Amino acid sequence: MRLSLVLYLAILSILVQPEQVWKDQLGRVTLLSGILFIMLGLSTDSTPSLISSRAPPPSVMGLPPFPASLEGYKYVILKLGPLQLTRKGLSTATTSACLTFTIFQSASVFLSTTTPEQIAFALRWFIAPLANFGVPVAEVILTLLLSLRFINLVFDEVRNVALGIVSRRINWQQLTILETIDVFFTYIRRIFRNIFVHAEQISQAMIVRGFRGDSTTHKIFLSADSSNGVANYISISCLFGLIALVTLPKFLLQ
């Protein structure tokens, strides 16, 4: 089930994202998940247990020995010196690697295919009942919408500064450690200065449009008309089906 979900996300990313986006994203996430899989798989059972059993062997107690497996069961799958890959390590590594891949890649697909207005609209629909308990729903939605808009500006500034460093063709080998640190701090200060300038421009634009600090009196227009209702129902059905496939076997085994 975990591997099928990872394969489904990979195929979905290839279908819905541009080629230059999914190639870079899938490569980085796969590399991170692969490193996590190797580290957990080889280190879970590699350290010998400090606690040993004090019970005598079955022959001393007059009990028959444990029957050998008829299927050639082996707990240790692979051994590399002091490191070994066991069934427990394989299960732990597979779970962690697949979960990491699912979290990062699903977030990437979600943010690249859904507009900030639709995200805010969906979240407002879900948490609207909390307004009866005093939760500032309008303020939360406005903060989320501004944050989603601001994330792109941060990445754009970092990219522009990185391109500026590359275009100047700085010979890093001729610089001392202090000069290298000074260059990096100079560009970091420039990044934060540009970010603060963009934040001030956003605040001025909100003031010009009539925002005076009260989210409840300021009308927020969220365009969610582009969402396909049939696709939403299919996605929700697939989600409930996946949850059922994961939870039902546990109840059946009990």
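The rules behind these values
- Residues numbered from 1 in each chain as written.
- Predicted model: local features only at pLDDT ≥ 70, side-chain atom pairs only at ≥ 80, totals over all residues.
- Heavy atoms only, no water.
- UniProt positions renumbered as here; feature names shortened; annotations may be inferred.
- Helix = DSSP H or I, 4+ residues; strand = E, 2+ residues; numbered from the N terminus.
- Pairing = 2+ DSSP bridges.
- Expected span 1.5 Å × (residues − 1).
- Contact = heavy atoms within 4.5 Å.
- Axes fitted to C-alpha atoms, helices over the stretch in contact; angles between N-to-C directions.
- Left-handed = near helix turned anticlockwise from the far one by under 90°.
- Nonpolar A, V, L, I, M, F, W, Y, C, P; charged D, E, K, R; others polar.
- Salt bridge = Lys/Arg side-chain N within 4 Å of Asp/Glu carboxyl O.
- Patch = residues over 30% accessible without salt bridge, like charges linked within 9 Å, V, L, I, M, F, W, Y side chains within 5 Å.
- Areas by Shrake-Rupley, 256 points an atom, 1.4 Å probe, with all protein chains shown as cover.
- Buried < 20%, exposed > 50% of the residue type's maximum accessible area, 1.4 Å probe, protein only.

As annotated in an unreviewed UniProt entry, the protein is Protein ABCI12, chloroplastic isoform X2 from Nicotiana sylvestris. Recorded in UniProt for the protein, the comment headed Subcellular location (unreviewed entry) runs: "Membrane".

(A) Seen up close, the UniProt feature "signal peptide" (unreviewed entry) in the protein. As annotated in UniProt, the feature "signal peptide" (unreviewed entry) corresponds to residues 1–18 in the numbering used here. Its end C-alpha atoms 27 Å apart, residues 1–18 is made of 83% helix and 0% strand.

(B) Just the pairing of strand β2 (residues 83–86), in detail. Sheet topology note: the strand β1 (residues 76–80)/β2 ladder contains four bridges and is antiparallel. By the bridge assignment for β2, Val76 is matched with Thr86.

(C) Representation of the UniProt feature "transmembrane region" (unreviewed entry) in the protein. Per the UniProt record, the feature "transmembrane region" (unreviewed entry) sits at residues 130–151 and 230–253. Taken end to end, residues 130–151 is 68% helix and 0% strand, and its two terminal C-alpha atoms sit 27 Å from one another.

(D) Seen up close, helix α5 (residues 137–167). A rise of 1.5 Å per residue sets the reference length of α5, with its 31 residues, at 45 Å; its end C-alpha atoms lie 45 Å apart and thus fit the reference within 8%. Residues of α5 that are buried sit in contact with α4 (116–127) and α6 (177–208). A positive backbone phi angle near 50° is found at Arg169, which sits one or two residues after α5.

(E) Inspection of the packing of α5 against α6 at higher detail. At their nearest, the axes of α5 and α6 sit 10 Å apart, and the two run at 145° to each other. Crossing of α5 over α6 shows right-handed handedness. Note on element contacts: α6 touches α5 through Tyr187, Ile191, Asn194, Ile195, His198, Ala199, Ile202 and Met206, opposite Leu142, Leu146, Phe150, Leu153, Val154, Glu157, Val158, Val161, Gly164 and Ile165. Split by residue class, the contact of α5 with α6 holds 14 nonpolar, three polar and one charged.

(F) Geometry of the pattern of salt bridges. Within the structure shown, the criterion is met by three salt bridges. A salt bridge links Asp24 to Arg28; the nearest nitrogen and oxygen atoms lie 3.0 Å apart. With Asp24 and Arg28 both in helix α2 (residues 19–43) and four residues apart, this pair spans about one turn of that helix. Across the pair Arg159 and Asp156 runs a salt bridge whose closest N-O atoms are separated by 3.7 Å. Of this pair, Arg159 and Asp156 are both found in helix α5, three residues apart, which corresponds to roughly one turn of the helix.

(G) The arrangement of a nonpolar patch on the surface in detail. There is a patch of nonpolar side chains on the surface, built from Phe37, Ile38, Ile77, Leu78, Leu80, Leu83 and Leu90 and spanning about 570 Å² of accessible area. Contributing elements (two or more residues each) for the nonpolar patch: α2 and β1. Among the elements that line the nonpolar patch, the one with the most residues is β1, at three residues. When you line up the elements, Leu90 lands in helix α3 (residues 87–113). According to the relative accessible area criterion, Leu90 is partly exposed, its value standing at 31%.

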